[in-house]
Amino acid sequence: MSQRSRSTGQNRETAYDENRKLNKRNMEDEYVYGNVVRKAEPRKRWEETPVRKPQPEVKKNREKAHHMNAGYVLFLTGALCMSAFILVNYIQMQAELTTLTRVVANRESELNHLKRANEEEYNRITNSIDLEEIKRIAMGELGMVYAQEGQIVTYENETRDYMRQATGNK
């Protein structure tokens, strides 16, 4: 039985070691199987990486980067101010463009409204005119008659821009 308990103990230790390897995330809160507590092993939080020596060219570049003269700082300041100025002007122009776009949209809407109102008024006036009544008044009261065959004269216009009506008093 003692050998059996040893093999059981060894199985427990092996299972414990495997469990411990699998559960590396939570090493501080490990559960110990069995009644024997092991001696704590020192744990490394971070592994040390080997320190590489930088090459001499890299060292020189780093030293140059750390030392900036006044001219370079002045250049960078000027570039920053110019960039800020351009950015502010760009934002202002975008805001103005947005405002003008809204104004154009409002004016187009107003134009469409006025066109609709004009068409409605034109249709109302056109529908209110009685052409038969006008013809009756013109022929009966004002003495209008239709043109006879000899009274109609056709004319060819060479310039095609406009034509004046000629009177019969030449």
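Residues numbered from 1 in each chain as written. Predicted model: local features only at pLDDT ≥ 70, side-chain atom pairs only at ≥ 80, totals over all residues. Heavy atoms only, no water.

1. Details of the overall build of the protein
- Of the regular secondary structure elements, the protein holds four helices and zero strands.
- Secondary structure elements in the protein, listed N-terminal to C-terminal, are α-α-α-α.
- When burial is assessed residue by residue, the protein has 2% of its 170 residues classed as buried.
- A total accessible area of about 18,200 Å² is found for the protein, and carbon and sulfur atoms account for 54% of it. (Helix = DSSP H or I, 4+ residues; strand = E, 2+ residues; numbered from the N terminus. Buried < 20%, exposed > 50% of the residue type's maximum accessible area, 1.4 Å probe, protein only. Areas by Shrake-Rupley, 256 points an atom, 1.4 Å probe, with all protein chains shown as cover.)

2. Some details on a nonpolar patch on the surface
- A cluster of nonpolar side chains, Met-68, Tyr-72, Val-73, Phe-75 and Leu-76, forms an exposed patch at the surface whose accessible area comes to about 490 Å².
- If you trace the backbone, Leu-76 turns up in helix H3 (residues 70-128). (Patch = residues over 30% accessible without salt bridge, like charges linked within 9 Å, V, L, I, M, F, W, Y side chains within 5 Å. Salt bridge = Lys/Arg side-chain N within 4 Å of Asp/Glu carboxyl O.)

3. As for the pattern of salt bridges
- According to the stated counting rule, one finds two salt bridges in the structure shown.
- With its nearest N and O atoms 2.4 Å apart, the salt bridge here joins Glu-121 to Arg-124. A residue pair is termed a helical-turn pair when its members lie 3 or 4 positions apart in one helix, as Glu-121 and Arg-124 do in helix H3 at three residues.
- A relative accessible area of 36% places Glu-121 in the partly exposed class.
- By relative accessible area, which is 49% here, Arg-124 ends up partly exposed.

4. So, the confidence of the model for the protein
- Scored by pLDDT, the protein has a mean of 79; 68% of the residues are at 70 or more.
- Put simply, helix H1 (residues 2-22) is where the protein has its lowest mean pLDDT, 60, and H3 is where it has its highest, 96. (pLDDT = per-residue confidence, 0-100.)

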